[in-house]
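# Geometric and topological summary
Residues per chain, in single letters:
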Amino acid sequence: ESTSSLLPLLNDADLAVRRETATALGKMGQPSAIPALLNSVGEENLDRVQQHALVYAMIDINDRTVTAKGLASENARIQRAALIALDQMDDGVLSRAEVTSLLDTNDLELQRVAIDIIARHSEWSEEVVGIVKPMLASGKVTAEQLDSVETLLIAFAENEAVQELIAESLAG
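In short, a report on the structure. Fair warning: this is a prediction, and the values are worked out from it, not measured in the lab.

Looking only at helices and strands, the protein chain features 11 helices and zero strands. Going residue by residue from the N terminus, the α and β elements of the protein chain occur as α-α-α-α-α-α-α-α-α-α-α. For the protein chain, the proportion of its 172 residues judged to be buried stands at 42%. Counting only contacts in the protein chain whose residues sit at least 6 apart along the sequence, the fraction spanning at least 24 positions is 62%. With 13 positive and 28 negative side-chain charges, the protein chain shows a separation of 3 Å between the mean positions of the two kinds.

Written out as structure tokens, the structure reads:
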């Protein structure tokens, strides 16, 4: 009952009320609050403190199934929040496919989060070549994308396929 009475406060005009509501929902641990938390984090012009409170609430709730639904959203802010929450919650267990599918986006913040997660998973090294090669071959790589490519290449520099890609790129 308390959860349903708190949910409307996620839309309160006072940002402090919103932040404290997210904190309370996280502490209550009810998975039924996650869709509202995801919707709230999808709003434009949300400051970092608000985003953090909403994501942290999802981490506290620790429900992989409901949080993972955010990965399928068309809103990149929601996808990013769900990705961060899943990566940091105890039961999040992200799959390689879930993370790499989010790399094909125009949202650089979402792409950076996905790349940071991939870089921490050495067992996903074979994905790096498949991600980086088309980016470099397109010839339309932005400075921000080059930063992401650099992060991946450095993280997986010991991988033979990544070394071959680097050599091919330098030779070309």
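A probe matching the size of a water molecule, rolled over the atoms, marks out where space remains unfilled. Of the pockets and cavities examined, the largest pocket occupies roughly 210 Å³. In this structure, the largest pocket is lined by 14 residues; those nearest its centre are Arg48, Gln51, His52, Val55 and Ile84. Mapped onto the lining of the largest pocket, the elements with two or more residues apiece are helix H4 (48–61), helix H6 (76–88) and helix H8 (108–119). Looking at the lining of the largest pocket element by element, the count peaks at six residues for H4. Of the residues in the lining of the largest pocket, the class split is seven nonpolar, three polar and four charged.

Applying the stated criterion to the full structure yields one cavity of 30 Å³ or more. Empty space within the largest cavity amounts to approximately 40 Å³. A class-by-class count of the residues in the lining of the largest cavity yields three nonpolar, two polar and two charged.

With that settled, the discussion passes to the pattern of salt bridges. In this structure the tally under the stated criterion is eight salt bridges. Residues glutamate 109 and arginine 48 are paired through a salt bridge, measuring 3.3 Å at the closest nitrogen-oxygen approach. Here glutamate 109, found in helix H8, pairs with arginine 48, found in helix H4; they are 61 residues apart in sequence, far enough to count as distant. Measuring nitrogen to oxygen at the nearest pair gives 2.2 Å for the salt bridge that ties arginine 120 to aspartate 87. One end of the pair, arginine 120, is in the loop between H8 and helix H9 (125–138); the other, aspartate 87, is in helix H6, and 33 residues separate them in sequence. What you see here is one network of salt bridges that share partners, running through Arg48, Arg80, Asp107 and Glu109.

Definitions and cut-offs
For every chain, the first residue of the written sequence is number 1, and numbering continues from 1 along that sequence. Residues qualify for local features only when their pLDDT is at least 70, as the model is predicted, and side-chain atom pairs are given and counted only at 80 or more; totals for whole chains, interfaces and linings, by contrast, use all residues. To obtain the side-chain values, all non-hydrogen atoms of the structure were included, while hydrogens and water were left out. Where helices and strands are cited, they refer to DSSP runs of H or I of at least four residues and of E of at least two residues respectively, numbered from the N terminus. The classification of residues rests on relative accessible area computed with a 1.4 Å probe and restricted to protein chains. Under 20% of the type maximum is buried, over 50% is exposed, and intermediate values are partly exposed. Only heavy atoms matter for contacts: two residues are in contact if any of them lie within 4.5 Å across the pair. A residue counts as positive if it is Lys or Arg and as negative if it is Asp or Glu; His and the chain ends are not included. By convention, charge coordinates are those of NZ in Lys, CZ in Arg, CG in Asp, or CD in Glu. Only protein atoms enter the 1 Å grid used here. Points where a 1.4 Å probe fits but cannot escape make up a cavity, open sets with protein on both sides within 12 Å along at least five of seven lines make up a pocket, and a residue lines them when an atom lies within 4 Å of a point. Grid points are joined across faces, edges and corners, and a volume is the space filled by probe spheres set on the points. Each residue gets one label: Ala, Val, Leu, Ile, Met, Phe, Trp, Tyr, Cys and Pro are nonpolar, Asp, Glu, Lys and Arg are charged, and the others, such as Gly, are polar. Throughout this description, the term salt bridge denotes a Lys or Arg side-chain nitrogen within 4 Å of a carboxyl oxygen of Asp or Glu.

That is the geometry; function is a separate question.
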